[in-house]
Amino acid sequence: MPESKPTIVLVHGAWADASSWNAVSVPLQAEGYTVLAPPNELRGLTGDSAYIASFLAQRTSGPVVLVGHSYGGAVITNAGAQGGDVKALVYVDAFIPDEGETVVGILEGSGSALAVADPTTVLDVAGYPGAPEGAAEAFLKPDTVHTAFAQDLPEADRWTIVATQRPASFVANVTPSGAPAWKKIPSWAVLGTDDLVIPIDTQRRMAERANATVTEVDASHVSMVSQPEATLAAIRAAVAAIS
């Protein structure tokens, strides 16, 4: 593989794991890229970002295109300037927070299917060992997956998400974001127009604020699964811009 090719690092969001990137990682590997998809711990934005920054510092060399989906967007916003030689950020149906913002705050009043008065109507909540006081894990209810999270996927794939989802701690969604990497690193954003988790108007506002190069796609919150070509095109554009 030519040394000039950057490493592509894919950071998953809540209720997902690295396999959510399979439709993106396989074609990129076939094109000769080194692709890494580390686990996102989903325990709290500060710690999750520190982990990804440490991963970048230890597991990559040379330029990196750092890609984040959903909550993973908040993570790459914080980790992008802390580890590795990150040259471009790519956001996919993602949070693109500014300093001091939280995921919960961004969704408040947005019309998100998750921004409801009683979270237990869309989430199942469970404790976990070692949780900070008052913290708990949130799982998507099956109906939430089918109607609001991945509504454009085949039913069997939706049931796979229900069965395999990685829960996120509530702490992750209320931790204020730090200084954003997108103020120093160029960014691209893929926006799902049928995203019911981060509504399109909210995505557009964040992407415009970050001065991101935007692509809109007729897809749900998991466009990298249902419409992977849009994400692939954004990653290729980012590579071309930094080469």
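- By the naming in an unreviewed UniProt entry, the chain goes by Alpha/beta hydrolase and is assigned to Microbacterium terricola.

## Considerations on the overall build of the chain
Line of reasoning, step 1. If you tally the helices and strands in the chain, you get 10 helices and 9 strands.
Line of reasoning, step 2. Its C-alpha atoms give the chain a radius of gyration of 17 Å, near enough to 18 Å, the size a compact globule of 243 residues would have.
Line of reasoning, step 3. Its C-alpha atoms put the chain at 50 × 35 × 30 Å along the principal axes.
Line of reasoning, step 4. Within the chain, buried positions represent 53% of all 243 residues.
Line of reasoning, step 5. The contacts in the chain between residues at least 6 apart in sequence include a share of 73% that link residues at least 24 apart.
Line of reasoning, step 6. For the chain, the computed accessible surface area is about 10,000 Å², with 53% contributed by carbon and sulfur atoms.
Line of reasoning, step 7. In the chain, the 13 positive side-chain charges and the 26 negative ones have mean positions that sit 7 Å from each other.

## Let's talk about the UniProt feature "domain: AB hydrolase-1" (unreviewed entry) in the chain
Line of reasoning, step 1. Within the UniProt annotation, "domain: AB hydrolase-1" (unreviewed entry) is assigned to residues 8-233.
Line of reasoning, step 2. Helix makes up 36% of residues 8-233 and strand 19%. Its end C-alpha atoms lie 13 Å apart.

## Focus on helix α3 (residues 71-79)
Line of reasoning, step 1. In terms of burial, α3 is largely enclosed, as 9 of its 9 residues are buried.
Line of reasoning, step 2. Taken as a whole, α3 has its buried residues at Y71, G72, G73, A74, V75, I76, T77, N78 and A79.
Line of reasoning, step 3. Buried-residue contacts for α3 involve β1 (7-11), α2 (45-59), β3 (63-69), β4 (85-92), α4 (103-107) and α7 (170-174).

## Quick look at helix α8 (residues 200-209)
Line of reasoning, step 1. When we look at burial in α8, the residues that qualify are I200, T202, Q203, M206 and A207. The buried residues of α8 occupy one face: seen down the axis, they fall within an arc of 160°. Seen from the buried face of α8, the exposed residues on the opposite side, beyond 90 degrees, are D201 and E208.
Line of reasoning, step 2. Check the buried side of α8 and you find it contacts α4, β8 (187-192) and β9 (213-217).

## Quick look at the pairing of β1
Line of reasoning, step 1. For β1, the tally of buried residues reaches 5 of 5 residues, placing the bulk of the element in the interior.
Line of reasoning, step 2. Covered by surrounding structure in β1 are T7, V9 and V11 together with I8 and L10, the residues of both alternating faces.
Line of reasoning, step 3. Inspection of the sheet shows β1 paired to strand β2 (residues 35-36) by 2 bridges, in the parallel sense. By the bridge assignment for β2, V9 is matched with L36.
Line of reasoning, step 4. Tracing the backbone out of β1, into helix α1 (residues 22-30) and back to the parallel element β2 gives a crossover that is right-handed.

What counts as what
Along every chain, residues carry numbers that run from 1 in the direction the sequence is written. Two thresholds apply to this predicted model, a pLDDT of at least 70 for residue-level local features and 80 or more for giving and counting side-chain atom pairs, whereas whole-chain, interface and lining totals are computed over all residues. Side-chain numbers here rest on the full set of heavy atoms in the structure, without hydrogens or water. The helix and strand labels rest on DSSP assignments: H or I over at least four residues marks a helix, E over at least two residues marks a strand, and numbering proceeds from the N terminus. We take the radius of gyration over the C-alpha atoms and set the globule estimate at 2.2 Å times the residue count to the 0.38 power. For every residue, the accessible area (1.4 Å probe, protein chains only) is compared with the maximum for its type, and the residue is labelled buried under 20%, exposed over 50%, or partly exposed between those bounds. By definition, residues are in contact when any of their heavy atoms lie within 4.5 Å. Each accessible area value is a Shrake-Rupley result obtained with a 1.4 Å probe; residue values ignore everything except the protein chains displayed when judging cover. Neither His nor the chain termini are counted; the positive set is Lys and Arg, and the negative set is Asp and Glu. Note on charges: their place is set at NZ of Lys, CZ of Arg, CG of Asp or CD of Glu. UniProt positions are given in the numbering used here, feature names are shortened, and annotations may be inferred rather than shown by experiment. Along the arc lie the directions from the helix axis toward the C-beta atoms. A pair of strands is treated as paired once DSSP finds two or more bridges between them. Here, the term right-handed applies to a crossover whose path from the first strand over the helix to the second runs clockwise when the strands point away from the viewer.

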